Amino acid sequence: MECLWKSGKMLNLRYWNITEIRRFYEHCCFVTDDTMADALLEKGQLNYIVRKAVEMGFPLAQAIYCASYTPARRMNLRDRGALAPGRKADFQLVKETEIHRFEPDAVFKDGKEIFWKGEAKRTLSAYHFPEEFYHSVHLDKIEAKDLEPVVSTDQKQVQVRVIEVADGRTQTKKNWFPWSGK
């Protein structure tokens, strides 16, 4: 049994019940690998998933465990996931009285404080890709007609799956629309 709960998308009562009844915490990972940047900005990252899990009934310690130790072990990152000698000390401090919000008062990276109550303590340097990385994709010019679906049927109209993009957002929405080929 392996349970990866991505960005809260799979975090629902059915899976929670299975995890709780069978005590599958050891096999349950909270991850945020396919989360859009604007969703991270609005909701947060793992904090959001832990908060949502606790609201559903997860014991707090188990929710933190599923967001730290089990994902680290799943990814074979044996140097993190728990505070112990010889491991990376990446952790956050949260006030017990405000645990329901699960917003950190302090964040530590490699054992060094990098954030305290709204102010960055350390500036992380941006990674710069080698110049050739910016010139590695070569595509022919695309025109609107190149994106029209090719339909080989005698029907006058078919349903076409379309991915809608909203201005100012990275999240997309999937819809079905009628298409007549005109």
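For the structure, check the block above.
First things first, this report covers the structure right here in the doc. Fair warning: this is a prediction, and the values are worked out from it, not measured in the lab.

## Looking at the nonpolar core
Stage number 1. Residues Phe30, Val50, Phe58, Ala63 and Cys66 are the most contacted members of the largest nonpolar core, which totals 13 residues.
Stage number 2. For this core, the secondary structure elements donating two or more residues are strand E2 (28-31), helix H3 (46-56) and helix H4 (60-67).
Stage number 3. Among residues more than four places away in sequence, those in contact with Val50 are Phe30, Leu60, Ala63, Ile64, Ala67 and Phe102.

## Remarks on the packing of H3 against H4
Stage number 1. Interhelical geometry of H3 versus H4 gives an angle of 145° and a closest axis separation of 9 Å. In the crossing of H3 with H4, the sense of the turn from one axis to the other is right-handed. Counted together, Leu46, Val50, Ala53 and Val54 of H3 and Leu60, Ala63, Ile64 and Ala67 of H4 form the full contact between these two elements.
Stage number 2. Of the residues assigned to the contact of H3 with H4, the class counts are 8 nonpolar, no polar and no charged.

## Considerations on the side chain of Asp105
Stage number 1. Locating Asp105 in the fold gives a position in the loop between strand E3 (91-93) and strand E4 (106-109).
Stage number 2. Despite its burial, Asp105 pairs with no opposite charge, the nearest such side chain being Lys95 at 4.5 Å.
Stage number 3. Of the polar contacts made by the side chain of Asp105, one reaches the backbone nitrogen of Lys95; its length is 3.4 Å.
Stage number 4. Beyond its immediate stretch of four places on either side in the chain, Asp105 contacts Leu93, Val94, Lys95, Phe115, Trp116 and Lys117.

## Thoughts on H3
Stage number 1. Buried residues of H3: Asn47, Tyr48, Ile49, Val50, Arg51 and Ala53, and no others.
Stage number 2. Backbone geometry just after H3 places Gly57 at a positive phi near 125°.

## Here we look at the environment of Phe102
Stage number 1. Residue position: Phe102 is located in the loop between E3 and E4.
Stage number 2. Along the chain, Phe102 and Val50 lie 52 residues apart, while their C-alpha atoms are 7.7 Å from each other.
Stage number 3. With near-sequence residues (within four places) excluded, Phe102 lies in contact with Asn47, Val50, Arg51, Leu60, Ile64, Gln92 and Val94.

## What about the pattern of salt bridges?
Stage number 1. In this structure the tally under the stated criterion is 4 salt bridges.
Stage number 2. Salt-bridge contacts for Asp79 lead to Arg80; the nearest nitrogen and oxygen are separated by 2.9 Å.
Stage number 3. A salt bridge links Lys88 to Asp110, with the shortest nitrogen-to-oxygen separation between them at 3.2 Å. Taken together, the positions of Lys88 in the loop between helix H5 (69-74) and E3 and Asp110 in the loop between E4 and strand E5 (112-116) put the pair 22 residues apart, joining distant regions of the chain.
Stage number 4. Here Lys88 falls in the partly exposed class, since its relative accessible area comes to 28%.
Stage number 5. Given a relative accessible area of 35%, Asp110 falls into the partly exposed group.

What counts, and at which threshold
Residues numbered from 1 in each chain as written. Predicted model: local features only at pLDDT ≥ 70, side-chain atom pairs only at ≥ 80, totals over all residues. Heavy atoms only, no water. Core = buried A, V, L, I, M, F, W, Y, C linked by side-chain atoms within 4.5 Å. Buried < 20%, exposed > 50% of the residue type's maximum accessible area, 1.4 Å probe, protein only. Helix = DSSP H or I, 4+ residues; strand = E, 2+ residues; numbered from the N terminus. Contact = heavy atoms within 4.5 Å. Axes fitted to C-alpha atoms, helices over the stretch in contact; angles between N-to-C directions. Left-handed = near helix turned anticlockwise from the far one by under 90°. Nonpolar A, V, L, I, M, F, W, Y, C, P; charged D, E, K, R; others polar. Lys, Arg positive; Asp, Glu negative; His and termini not counted. Salt bridge = Lys/Arg side-chain N within 4 Å of Asp/Glu carboxyl O. Polar contact = N/O pair within 3.5 Å; in protein donor to acceptor, adjacent residues only side chain to side chain.

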